[in-house]
Amino acid sequence: MSEDKRITDAPAQDNAATPAPAEDASKVANDAGDTEVLPLRRRKRRKPFNWSTAVIATLVAISATLVYRRDGLDGLTSIFTHDVELFGGILPRMLAGCTLGAFVSEMLPQDKVSRALGANSGFRGLVIGTAFGALLPGGPFTAYPVASALLTVGADFGAVIAMVTSWVLIGYGRAISWELPILGTDFTIWRIITCLPIPVLAGALGRFFYVRLADRLNLGDIKRAD
Amino acid sequence: MTMRLAVDVILWSTVCIVGFFCFRRSPAIFRKAVKDGAVDFVTVIPRIAIGVIGSGYIAAVVPQEFITSWLGPETGWYGILAATIAGALTPGGAVIGFSIGAVALKSGAGFPHIIAYVVAWALFAFQRVLIWEIPFMPARFVWFRAAVSVPFPFLAAGVAMALGRV
């Protein structure tokens, strides 16, 4: 795994607790060791439109046409107003999530992240990822930018899978705001109990397959290419 | 509503606290982070807008009965499989997934089925993967994560059965 992109980020370099000399970076990255110390990488630029958006846009267009034919213009506009309101409510939180993700990728010392959440962090790393996901405030607009930032600063697939899975299954945000009122306390508590072991298991399974499939699926390039 | 306000307050407090420490370390890094965050936010807006504003239409054309009819109580592990697939196919946001679960539960679906349904929907509902995960995360990570998650709706349902909630 070549890390040449990472070493271009000069202002971030003094941010790392013990910055590695540039020529050491790619060498250290290769063994993915516990003590891996890397300068922060340049953040990946996100694209405003891509194939997943195209799929959704097509589905939306087809569905909107069906709604129009079934319910007429009124049906079309009432759904539109409702969803625009929803989107308006989400926007400020999305801004908070993106800013938080940016702070996380600038602030977290790479050596500590890869020690706590890296490929060799073991069971403890999965538990830390799980706890982090469970405590992270906000919705998808926070969790995914932060998870993505963790991937870029040295966390491995396993720990980030544990984090995302924990956020989605045992995070309090969605459970309190939606599940509890809609499905009731009894169901919610049972659901969370049955889900408690899942984040660590998912992270462990992720690591198991990552080690075996990373080369075949080109997953090793992910921090560089994606 | 107050709960959601509380979550917002926690969220923005976290942003402010992390931002404060970032500023104290270096105002230059702080400015770079704020700019990076803002650029990410702006570039992702069109994708999220299409998804969120359009999701109501997708939800409106998928009949709820179609999904709940898969979740019958006496269907055993095939029913759990159906519930998992239904969860993955359920469009719309949090309200829709949980509401369908609630309706199915009231109309007599099995408890482990609804656990599997909610877990599958949380882990790999296609719409959340496409609208939220892919824009923010490396696509290959997202597919890998979803693939690794496949056994877990079954595990959760199994645990619910083992604990006596049938």
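Remember, predicted model here, so these are calculated numbers, not experimental data.

**Some words on the overall build of chain A**
(1) Moving on: Of regular secondary structure, chain A possesses 11 helices and 0 strands.
(2) Moving on: Along its sequence from the N terminus, chain A presents helices and strands in the succession α-α-α-α-α-α-α-α-α-α-α.

**Some remarks on the overall build of chain B**
(1) Moving on: Along the backbone of chain B there are 9 helices and 0 strands.
(2) Moving on: Each helix (α) and strand (β) of chain B, taken in turn from the N terminus, gives the series α-α-α-α-α-α-α-α-α.
(3) Moving on: Its C-alpha atoms give chain B a radius of gyration of 20 Å, more than 25% over the compact-globule value 15 Å for 166 residues.
(4) Moving on: Based on the C-alpha atoms only, the size of chain B along its principal axes is roughly 60 × 35 × 35 Å.

**Section: the packing of helix α6 (residues 140-152) of chain A against helix α7 (residues 126-136) of chain B**
(1) Moving on: Where α6 of chain A meets α7 of chain B, the axes come as close as 8 Å, and the angle between the chain directions of the two elements is 40°. Considering the angle they form, α6 of chain A stands oblique to α7 of chain B. Where α6 of chain A crosses over α7 of chain B, the two elements pack in a sense that is right-handed. Mapping the contact onto sequence places Pro140, Tyr144, Pro145 and Ser148 of chain A in α6 of chain A and Arg128, Trp132, Glu133 and Phe136 of chain B in α7 of chain B.
(2) Moving on: Within the contact of α6 of chain A with α7 of chain B, the residues separate by chemical class into 5 nonpolar, 1 polar and 2 charged.

**Notes on helix α9 (residues 152-162) of chain B**
(1) Moving on: Listed as buried for α9 of chain B are Phe152, Pro153, Ala156, Ala157 and Ala160 of chain B. Within α9 of chain B, the buried residues cover an arc of 145° as seen down the axis, which keeps them to one side.
(2) Moving on: Buried residues in α9 of chain B make contact with α9 (185-195) and α10 (198-213) of chain A together with α4 (76-89), α6 (111-124) and α8 (139-149) of chain B.
(3) Moving on: Two residues or fewer past α9 of chain B, glycine 164 of chain B is found with a positive phi of approximately 95°.

**Concerning the packing of α4 of chain B against α9 of chain B**
Residue and element names in this part refer to chain B.
(1) Moving on: At a minimum axis distance of 10 Å, the contact between α4 and α9 shows a crossing angle of 130°. As judged from the angle between their axes, α4 and α9 are oblique. Helix-helix and strand crossings are classified by hand; for α4 and α9 the assignment is right-handed. The segment α4 lies against α9, with Ile80, Thr84 and Gly87 engaging Pro153, Phe154 and Ala157.

**Some words on the domain arrangement of chain B**
All names here are of chain B.
(1) Moving on: You can read the domains of chain B as domain 1 (1-60) and domain 2 (62-166).
(2) Moving on: The distance between the C-alpha centroids of domain 1 and domain 2 comes to 28 Å.
(3) Moving on: Taken together, the contacts link 8 residues of domain 1 with 9 residues of domain 2.

**A few points about the confidence of the model for chain B**
(1) Moving on: Per-residue pLDDT for chain B averages 85, and the proportion of residues at 70 or more is 94%.
(2) Moving on: Listed scores for the predicted complex are pTM 0.74 and ipTM 0.81.

**As for the interface of chain B and chain A**
(1) Moving on: Across the contact, 74 residues belong to chain B and 75 residues belong to chain A.
(2) Moving on: Elements with a contribution of two residues or more to the side of chain B that touches chain A: α1 (2-25), α2 (27-61), α5 (94-106), α6, α7, α8 and α9 of chain B.
(3) Moving on: The leading source of residues in the side of chain B that touches chain A is α2 of chain B, at 26 residues.
(4) Moving on: Across the side of chain B that touches chain A, the residue classes tally to 52 nonpolar, 11 polar and 11 charged.

**Description of the nonpolar core**
Across soluble globular proteins, nonpolar side chains have a tendency to be buried as a group.
(1) Moving on: Counting 101 residues, the largest nonpolar core has Ala147, Leu150 and Val160 of chain A together with Val119 of chain B as its most contacted members.
(2) Moving on: It is helix α3 (residues 51-107) of chain A that provides the largest number of residues to this core, a total of 13 residues.
(3) Moving on: Per-domain counts for this core show at least three residues from each of domain 1 (1-60) and domain 2 (62-166) of chain B.

**What to know about α6 of chain A**
All names here are of chain A.
(1) Moving on: When the terminal C-alpha atoms of α6 are compared, their 18 Å separation across 13 residues agrees well with the 18 Å that a helix rising 1.5 Å per residue should span.
(2) Moving on: Across the 13 residues that make up α6, a large majority, 13, are buried.
(3) Moving on: Immediately downstream of α6, the backbone of glycine 154 shows phi near 115°, a positive value.

**Description of the confidence of the model for chain A**
All names here are of chain A.
(1) Moving on: On average, chain A scores 76 in pLDDT, and the residues at 70 or more come to 75%.
(2) Moving on: The secondary structure element of chain A with the lowest average pLDDT is helix α1 (residues 10-13), at 38, and the one with the highest is helix α7 (residues 157-170), at 94.
(3) Moving on: Taken together, the stretch residues 1-43 has pLDDT below 50 and engages in 89 contacts with residues farther than four places along the chain or on a different chain.

**Regarding the environment of leucine 150 of chain A**
All names here are of chain A.
(1) Moving on: By the secondary structure assignment, leucine 150 is in helix α6.
(2) Moving on: It is 7.8 Å that separates the C-alpha atoms of leucine 150 and valine 113, two residues lying 37 residues apart in sequence.
(3) Moving on: Apart from residues lying up to four places away in sequence, leucine 150 is in contact with Val104, Val113, Leu117, Ala155, Val160 and Met163.

**Some remarks on the environment of leucine 117 of chain A**
Residue and element names in this part refer to chain A.
(1) Moving on: Following the sequence through the fold, leucine 117 ends up in helix α4 (residues 110-117).
(2) Moving on: In this structure leucine 117 comes out as buried when scored by C-beta crowding, with 27 C-beta atoms within 10 Å.
(3) Moving on: With 42 residues separating them in the primary sequence, leucine 117 and alanine 159 have C-alpha atoms 5.6 Å apart.
(4) Moving on: Filtering out sequence-adjacent residues up to four positions away, leucine 117 remains in contact with Gly125, Ile128, Gly129, Leu150, Ala155, Asp156 and Ala159.

Cut-offs used in this document
Residues numbered from 1 in each chain as written. Chains lettered and ligands numbered in written order. Predicted model: local features only at pLDDT ≥ 70, side-chain atom pairs only at ≥ 80, totals over all residues. Helix = DSSP H or I, 4+ residues; strand = E, 2+ residues; numbered from the N terminus. Rg over C-alpha atoms; globule rule 2.2 N^0.38 Å. Axes fitted to C-alpha atoms, helices over the stretch in contact; angles between N-to-C directions. Parallel < 35°, antiparallel > 145°, perpendicular 65-115°, else oblique. Left-handed = near helix turned anticlockwise from the far one by under 90°. Contact = placed C-beta atoms within 7 Å. Nonpolar A, V, L, I, M, F, W, Y, C, P; charged D, E, K, R; others polar. Buried ≥ 20, exposed ≤ 12 C-beta atoms within 10 Å, placed from the backbone. Arc of directions from axis to C-beta. Domains from an automatic or database assignment. pLDDT = per-residue confidence, 0-100. Core = buried A, V, L, I, M, F, W, Y, C linked by C-beta atoms within 7 Å. Expected span 1.5 Å × (residues − 1).

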